[in-house]
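Overview (structure and organization)
Each chain, written out:
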Amino acid sequence: MTFPINFLMCSPDHYDVDYVINPWMEGNVHKSSRDRAVEQWQGLFQIIKEYATVELVPPQIGWPDMVFTANAGLVLGNNVVLSRFLHKERQGEEPYFKQWFESQGYTVHELPQDLSFEGAGDALLDREGRWLWAGYGFRSQLDSHSYLAKWLDIEVLSLRLVDERFYHLDTCFCPLSGGYLLYYPAAFDAYSNRLIEMRVPPEKRIAIQEADAVNFACNTVNIDSVVIMNKASDELKNRLTAVGFQVIETPLTEFLKAGGAAKCLTLRVTEPVRKPAQTPKFSVVIPAYNVSAYIADCVNSVLAQTETDFEVIVVDDGSTDDTAQIVSSFVDPRVHLVCRSNGGLATARNTGIRAAIGEFVAFLDADDRWCPEKLAAHRQALEQDPNASVSYDWSVFINKQGQLTGLSMAQTQKVITHEALLLKNYLGNGSTAVVRRSVLEQTGGFDESLRRFVDHELWVRLAFHGHHFRLVPRQLTEYRIHPASFTADTQRMLKGLEAFLAKIATYAPDSIKRLAPLAIACTHRWMARAAFVEGNYPKAYQHALQALRTSPQVLWRDQRAPITFAAIFLQAIAPKPIFNGMLQLGHRFATGWFQDRSKKNQILW
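Reading guide: rules and limits
Residues numbered from 1 in each chain as written. Predicted model: local features only at pLDDT ≥ 70, side-chain atom pairs only at ≥ 80, totals over all residues. Heavy atoms only, no water. Axes fitted to C-alpha atoms, helices over the stretch in contact; angles between N-to-C directions. Helix = DSSP H or I, 4+ residues; strand = E, 2+ residues; numbered from the N terminus. Parallel < 35°, antiparallel > 145°, perpendicular 65-115°, else oblique. Left-handed = near helix turned anticlockwise from the far one by under 90°. Contact = heavy atoms within 4.5 Å. Nonpolar A, V, L, I, M, F, W, Y, C, P; charged D, E, K, R; others polar. Core = buried A, V, L, I, M, F, W, Y, C linked by side-chain atoms within 4.5 Å. Buried < 20%, exposed > 50% of the residue type's maximum accessible area, 1.4 Å probe, protein only. Salt bridge = Lys/Arg side-chain N within 4 Å of Asp/Glu carboxyl O. Pairing = 2+ DSSP bridges. pLDDT = per-residue confidence, 0-100. Expected span 1.5 Å × (residues − 1).

So, on to the packing of helix α16 (residues 490-505) against helix α17 (residues 509-534). It is at 10 Å that the axes of α16 and α17 come closest, and there the two elements cross at 165 degrees. One element, α16, and the other, α17, form an angle in the roughly antiparallel class. The element α16 and its partner α17 pack so that their crossing is right-handed. Contacts from T490, M493, L494, L497, L501, I504 and A505 in α16 reach P509, I512, A516, A519, I520, T523, H524, W526 and M527 in α17. Looking at the contact of α16 with α17 residue by residue, the class counts come to 13 nonpolar, three polar and no charged.

Let us now look at the nonpolar core. In summary, soluble globular proteins display a tendency toward joint burial of nonpolar side chains. Judged by nonpolar contacts, the single largest core of 66 residues is most densely connected at L421, W459 and F469. If you tally residues by element for this core, the top one is α17, at 11 residues. Residues within four places of L421 in sequence aside, it is in contact with I416, Y426, L427, H456, W459, V460, A463 and F469. With 34 residues, the next largest nonpolar core counts Y15, I223, A261 and C264 among its residues.

It is worth spelling out the pattern of salt bridges at this point. Following the criterion strictly, the structure yields 37 salt bridges and no others. For the salt bridge of E89 with K88, the shortest nitrogen-to-oxygen distance reads 3.5 Å. Here R436 and E359 are joined by a salt bridge, their closest N and O atoms 3.9 Å apart. Placement of R436 in strand β23 (residues 433-436) and of E359 in the loop between α11 (345-355) and β19 (360-363) is noted, with a sequence separation of 77 residues between them. Owing to a relative accessible area of 38%, E359 belongs among the partly exposed residues under this scheme. Through salt bridges with shared partners, a single network forms among K281, E307, E359, R379, E383 and R436.

Pairing within the open sheet is mixed, and its three strands lie in the order β9-β10-β11. Taken across any chain shown, the strands that pair with only one partner, and hence form the sheet edges, are β9 (173-175) and β11 (205-207). Put simply, the sheet's adjacent strands are angled 10 degrees from each other on average, direction ignored. Sitting on the sheet, helix α5 (residues 190-199) is in contact with β9, β10 (181-183) and β11, with an inclination near 160 degrees to β10. The sheet strands contacting helix α7 (residues 234-242) are β10 and β11, and the helix crosses β11 at an angle near 175 degrees.

Turning our eyes to something else, we now look at the pairing of β23. Side chains A433 and V435 of β23 all project onto a buried face; the interleaved residues V434 and R436 project onto the opposite face, where all are buried too. Bridge count between β19 and β23: three bridges; the pairing is antiparallel. Opposite A362, over in β23, you have V434 as the bridge partner. As paired elements, strand β21 (residues 388-398) and β23 share three bridges and run antiparallel to each other. When the sheet's bridge partners are listed, Y392 is paired in β23 with A433.

Once that is clear, we can look at the sheet that holds strand β13 (residues 226-229). Pairing in this open sheet of three strands is mixed, and the strands run β12-β13-β14 from one edge to the other. Looking at which strands have only one partner, the edges of the open sheet turn out to be β12 (221-223) and β14 (246-249). Across the sheet, the mean angle from the axis of one strand to that of its neighbour is 20 degrees, orientation sign disregarded. Pairing of β12 with β13, which is carried by three bridges, proceeds in the antiparallel orientation. The residue bridging V221 from the neighbouring strand is I228, located in β13. Across the sheet, helix α1 (residues 34-49) is in contact with β12, β13 and β14; its angle to β13 comes to roughly 175 degrees. Against the sheet, α7 contacts β13 and β14, and its axis sits at roughly 145 degrees relative to β14.

Per-residue pLDDT for the protein chain averages 89, and the proportion of residues at 70 or more is 93%. A low-confidence stretch, residues 593-605 stays under pLDDT 50, and its non-local contacts, those more than four residues away or across chains, total 44 contacts.

You can see F469 is positioned in strand β24 (residues 468-480). Distance in space between the C-alpha atoms of F469 and Q305 is 23 Å, their sequence separation being 164 residues. Excluding its chain neighbours within four sequence positions, the residues that come into contact with F469 are V390, Y392, I416, L421, L427, W459, L462 and A463.

What follows deals with α1. Here α1 spans 22 Å end to end across 16 residues, near enough to the 22 Å set by a 1.5 Å rise per residue. Buried residues in α1 make contact with β1 (6-9), β2 (53-56), β12, β13, β14 and α8 (253-256).

Tracing the backbone through its elements, the reader meets N6 in strand β1. Using a relative accessible area of 14% as the deciding quantity, one classes N6 as buried. Residues contacting N6, with those up to four places away along its chain left out, are T53, E55, L267, R268, V269 and T270.

Spelled out as structure tokens, the structure:
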């Protein structure tokens, strides 16, 4: 060990269940055996002494729960945040714990009197020192978490407890050595579970069943590879053993009557401040599936950035070609490869987000490229506008060979609302956006139930919840058009559109009720325009008719719409020589008309 491990305990000389302040105490008032409690406490004390140093705080008459020293405070380095107990039955413990901490030379921070926080019972350090998990909902208040972040200079991840049996975080949640996590998911709300999943990879999460949870299997003392607990099922012991932990059981049933077990009876008072590795400003997430023809071009466009403070996370989503081998051949230490079984675009992106450590997460599809100034421009935009959750730029189009086509994304400058995004994805594609990592974690990332419109749905959801979008008005993304693109299969796109609208209806039903027909029409219009540019005139005609039948409003929702429909219907009735001549004339006219927007590049019309 590189540093000593010390725990604070308090002998159960005055322990009893004297009152009811949690569900475990109900029916157990004055039903605890003092002799058995002392015997069980001594058993835990002796086990811990084999692996660490144990210090003792004197017990005090009238304060039976002082034995649960986890609630004395939260220690990190030489700082301790003293507990502010919610219930008057425990508030008298505070001066005794404060006296002990001060006598040991700690700097003691005290919260306002009316702001409850119950120490390491509701605040658990990631064993790698990366962040602090903090619980709220029953004993500690959410507002206390900002004080913890400030005084301890650490990132705080807030988790909401929803099952009153698990009133403290340490009753249902235990970070373990090596980045593992032992926890009971049903004790948390959906957002908190999602946050846990975003920070802890699946292979590191050890989710337990209710039978183990009510035996306080999560209320565990972890010392390196040793875990000390009241009781665990054979299945749980096997799972812990399989990942390298030694499980030691010691009965603590007398303390369960008061709602505590091994962890509650201890406070780790040597928690060194770990100097974190330097984190990059950007994490570039590249989901990749069978893109061996393009992945090197894609990654090289990132490595050519003028902004060099980044990491590259390529998520190989079960490729059957040489994608993984190509990525592995990059010697730049900033390039990381994550391999997983095929799960789809949203799952791959979320995997990348979980691996990301940068402040900003930039998304790049594996067949696209960036211009060298991309990240520098986005960094400037997001640092200048701290209220912006997302920044995005404009795209130019390249062909399969990586050559510029002369076409570009319409350069629209528009206030982004969820209803505006519902009708048109103003971000254009999945390679233009940069998002603050904290926002992705707070909102759960991409919806993994969707196969298409994955990024589009996230933008709508963020806008619906009030997140601000910042445009970087430059062409910094090169979007590749080729048959393997998601946008090439119109039938699957239409099915994806149905799922996209159904998902948005779950949180913005009024918008969907009013705008769904127009959103469908706008999609048909887009597909008509794309088919027309590709020279697939029958498909263009089909989508144009469907757009008008679905919602005639589509004609005036976009400045380019009248030109699109006129060109498509003219092709259907005019002789080919006449049409070709008019097409060239119209092309020149459209280019001139939109040159202020397109910076003298042709528009996909």
